[in-house]
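Coordinates in review
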Amino acid sequence: MDELRQLLLVALGGAVGSVARWRVSGWVLHQAVDWRFPIGTFVVNVLGCLIVGALAGLAIKEDFFSTDQRLLLFTGVMGGFTTFSACGLETFYLLRRGEYLIAGSNMLLSVAVGMAALFVGYHLIATRVTGH
């Protein structure tokens, strides 16, 4: 039953975070209709990092959240809002431990390898569907 409760907490939080991402990103895009820069996603990523940083501060400094609350907020809500904030938080922890090379590698590889995987995935499907 404990695993089911955890699954439900993550699912509920993920739903809330995903809806929040959609609403915030949509609102930002509505404010900047003529922008070519992907400002909606950018704002969500930065806002997500700000929020997860504040939550991490409460979790670490004040021992503010129970295990279930952390699961709901960090994995669920913030994971649904933006996984970029999770990458940022993990990199922050590496920096705090003085593991600068690993932290830099995490950020660089997350973006570079993520983009490469996106291109591979796209081309695997797009070339089969369109024949190009």
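Residues numbered from 1 in each chain as written. Predicted model: local features only at pLDDT ≥ 70, side-chain atom pairs only at ≥ 80, totals over all residues. Heavy atoms only, no water.

1. Overview of helix H2 (residues 39-61)
Heads up, the rule is: Only DSSP runs of H or I with at least four residues qualify as helices, and only runs of E with at least two residues qualify as strands; both kinds are numbered from the N terminus onward. Expected span of a helix, by definition, is 1.5 Å for each gap between consecutive residues, and there is one gap fewer than residues. Any residue under 20% of the maximum accessible area for its type is buried, any over 50% is exposed, and the rest in between are partly exposed; the area is computed with a 1.4 Å probe on protein chains only. Contacts are assigned to residue pairs that have any heavy atoms within 4.5 Å of one another.
Over its 23 residues, H2 extends 32 Å from the first C-alpha to the last, a length consistent with the 33 Å expected when each residue adds 1.5 Å. Those residues of H2 that sit buried are Ile39, Gly40, Val44, Asn45, Gly48, Val52, Leu55, Ala56 and Ala59. Summarising the contacts, the buried residues of H2 are in contact with helix H1 (2-31), helix H3 (67-81) and helix H4 (84-96). Backbone geometry just downstream of H2 places aspartate 63 in the positive-phi region, at approximately 50 degrees.

2. Some points on a nonpolar patch on the surface
Note the cut-off: Nonpolar side chains (Val, Leu, Ile, Met, Phe, Trp, Tyr) within 5 Å and like charges within 9 Å form the patches, drawn only from residues with over 30% relative accessible area and no salt bridge. Methods summary: accessible areas were calculated by the Shrake-Rupley approach with a probe of 1.4 Å, and residue burial reflects only the protein chains presented. By definition, a salt bridge exists where a carboxyl oxygen of Asp or Glu is found within 4 Å of a side-chain nitrogen of Lys or Arg.
A surface patch of nonpolar side chains, about 530 Å² in accessible area, is lined by Val111, Met115, Leu118, Phe119 and Tyr122. Take tyrosine 122: its relative accessible area is 53%, and that puts it in the exposed class.

3. Considering the environment of arginine 21
Relative to the helices and strands, arginine 21 is located in helix H1. Along the primary structure arginine 21 and arginine 97 are separated by 76 residues, whereas in three dimensions their C-alpha atoms are 31 Å apart.

4. Notes on the side chain of asparagine 45
On the secondary structure map, asparagine 45 appears in helix H2. The residues touching asparagine 45, leaving out its near neighbours within four places in the chain, are Thr82 and Phe84.

5. Here we look at the confidence of the model for the protein chain
Under the convention used in this document: Along the chain, pLDDT gives the predictor's confidence residue by residue, from 0 to 100.
Summarising the model, the protein chain shows a mean pLDDT of 90, and 97% of its residues fall at 70 or more. Mean pLDDT per element in the protein chain: helix H5 (residues 100-130) is the minimum at 87, and H1 is the maximum at 96.

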